[in-house]
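Inside the fold
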Amino acid sequence: MKTMNTNDHSHMDYSELDRAIIVATQDGLPLVARPYHQIAGQLQISPELLMQRMTQMQGSGVIRRIGVVPNHYALGYRANGMSVWDVPDEMIDLLGEQVGKLPYVSHCYRRPRHLPQWPYNLFAMVHGKTREEVEVQVASIAALLTQLQGEPVRAHQVLYSTRILKKTGLRLSEKNREKNHEKNRTKTAPTESTQPTTA
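So, a few notes on the structure that sits alongside this text. In this text, all values refer to a predicted model and were calculated from it rather than measured experimentally.

One pass over the full model with this rule turns up six salt bridges. For Asp 86, the salt bridge is made with Arg 113, and the minimal N-O distance between the two is 2.6 Å. Residue Asp 86 is found in strand 1 (residues 79-86), and its partner Arg 113 is found in the loop between strand 2 (105-110) and strand 3 (122-128); the two are separated by 27 residues along the sequence. Take Asp 86: its relative accessible area is 11%, and that puts it in the buried class. When its relative accessible area of 21% is taken as the criterion, Arg 113 is described as partly exposed. Here Glu 97 ties to Lys 101 by a salt bridge, and the two come within 3.9 Å at their closest N and O atoms. Take Lys 101: its relative accessible area is 56%, and that puts it in the exposed class. Counted as one network, the salt bridges with shared partners bring together Asp 86, Asp 89, Arg 110, Arg 113 and Arg 154.

Have a look at this one:
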């Protein structure tokens with residue numbers, strides 16, 4: 001990888017630096033006490049400049065987020081279900097915000113309906129160690145939605161994971177990029193392929 005002398009930042013080509021930062025971090029941060037310092041050392045820039053550029057890229061939307069992506073299967077949560085709900089469109093922001101706050105919901109979002117086959121517009125991923133545990137959690141979501149909207153939930157399903165698929169984002173290539181990545185890089189978390197079951 002090409003490195004840069006960054007003692008003088010006044011004439012630096014930030015687009016080249018930003019690309020180098022993305023290439024250096026796209027497979028995950030190193031599992032060390034000071035990951036940003038290690039990456040900055042590889043790029044021959046200061047940790048402060050690295051963090052400044054990453055913050056700038058987040059602010060502009062080039063980097064959407066930086067966060068931990070757990071492997072739920074490795075943690076023992078093997079009954080993972082995407083619960084899908086038919087809720088009033090005019091209440092979806094309120095309902096989604098409240099469902100998303102539940103401790104067993106990892107993510108919650110709105111999706112378009114595809115009527116008449118698919119009436120669901122609110123999705124909430126629920127994690128449990130058993131399907132029975134997930135069913136209890138889904139029943140709690142149903143009770144919460146009923147309370148908030150003042151009427152019973154019209155319809156919902158749970159789509160259980162059937163296999164693990166590797167989840168990766170967009171990757172930038174580097175002309176002379178090493179084929180074998182360092183062993184101390186974080187592993188990419190899996191995503192799940194789901195199969196519907198009626199709840």
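Looking now at the nonpolar core. Counting residues in each nonpolar core, the largest one holds 21 residues, and the members touching the most others are Trp 85, Val 99, Val 105, Ile 141 and Leu 145. Every element with two or more residues in this core is listed here: strand 1, helix 4 (92-100), strand 3, helix 5 (131-149) and strand 4 (155-166). Of all the elements, helix 5 adds the most residues to this core, at six residues. Aside from chain neighbours lying at most four places away, what touches Trp 85 is Tyr 120, Asn 121, Leu 122, Ala 124, Val 138, Ile 141, Ala 142, Leu 145, Val 153, Ala 155 and His 156. Leu 17, Ile 22, Ala 40 and Leu 43 belong to the second-largest nonpolar core, a separate cluster that totals 14 residues.

As a further point, take the packing of helix 4 against helix 5. Following both chains from N to C, one finds helix 4 and helix 5 inclined at 145 degrees, their axes separated by 10 Å at the closest point. Relative to helix 5, helix 4 is oriented so that their crossing is right-handed. Here helix 4 contributes Leu 95, Gln 98 and Val 99 to the contact with helix 5, which in turn contributes Ile 141, Leu 144, Leu 145, Leu 148 and Gln 149. Residues belonging to the contact of helix 4 with helix 5 are distributed by class as follows: six nonpolar, two polar and no charged.

In terms of burial, strand 1 is largely enclosed, as eight of its eight residues are buried. Covered by surrounding structure in strand 1 are Ala 79, Gly 81, Ser 83 and Trp 85 together with Asn 80, Met 82, Val 84 and Asp 86, the residues of both alternating faces. Bridge analysis of strand 1 against strand 3 gives seven bridges, and the strand direction is antiparallel. Counterpart to Trp 85 in the pairing with strand 3 is Leu 122.

The subject of this paragraph is unusual backbone geometry. Between Leu 115 and the following residue, Pro 116, the backbone shows a cis peptide bond with an omega angle of 0 degrees. The residue Pro 116 is located in the loop between strand 2 and strand 3 in this model. Unusually for a residue other than glycine, Gln 44 sits at a positive phi of about 60 degrees. Take Gln 44: it is sitting in the loop between helix 2 (35-43) and helix 3 (47-60).

Conventions and cut-offs
Residues numbered from 1 in each chain as written. Predicted model: local features only at pLDDT ≥ 70, side-chain atom pairs only at ≥ 80, totals over all residues. Heavy atoms only, no water. Salt bridge = Lys/Arg side-chain N within 4 Å of Asp/Glu carboxyl O. Helix = DSSP H or I, 4+ residues; strand = E, 2+ residues; numbered from the N terminus. Buried < 20%, exposed > 50% of the residue type's maximum accessible area, 1.4 Å probe, protein only. Core = buried A, V, L, I, M, F, W, Y, C linked by side-chain atoms within 4.5 Å. Contact = heavy atoms within 4.5 Å. Axes fitted to C-alpha atoms, helices over the stretch in contact; angles between N-to-C directions. Left-handed = near helix turned anticlockwise from the far one by under 90°. Nonpolar A, V, L, I, M, F, W, Y, C, P; charged D, E, K, R; others polar. Pairing = 2+ DSSP bridges.

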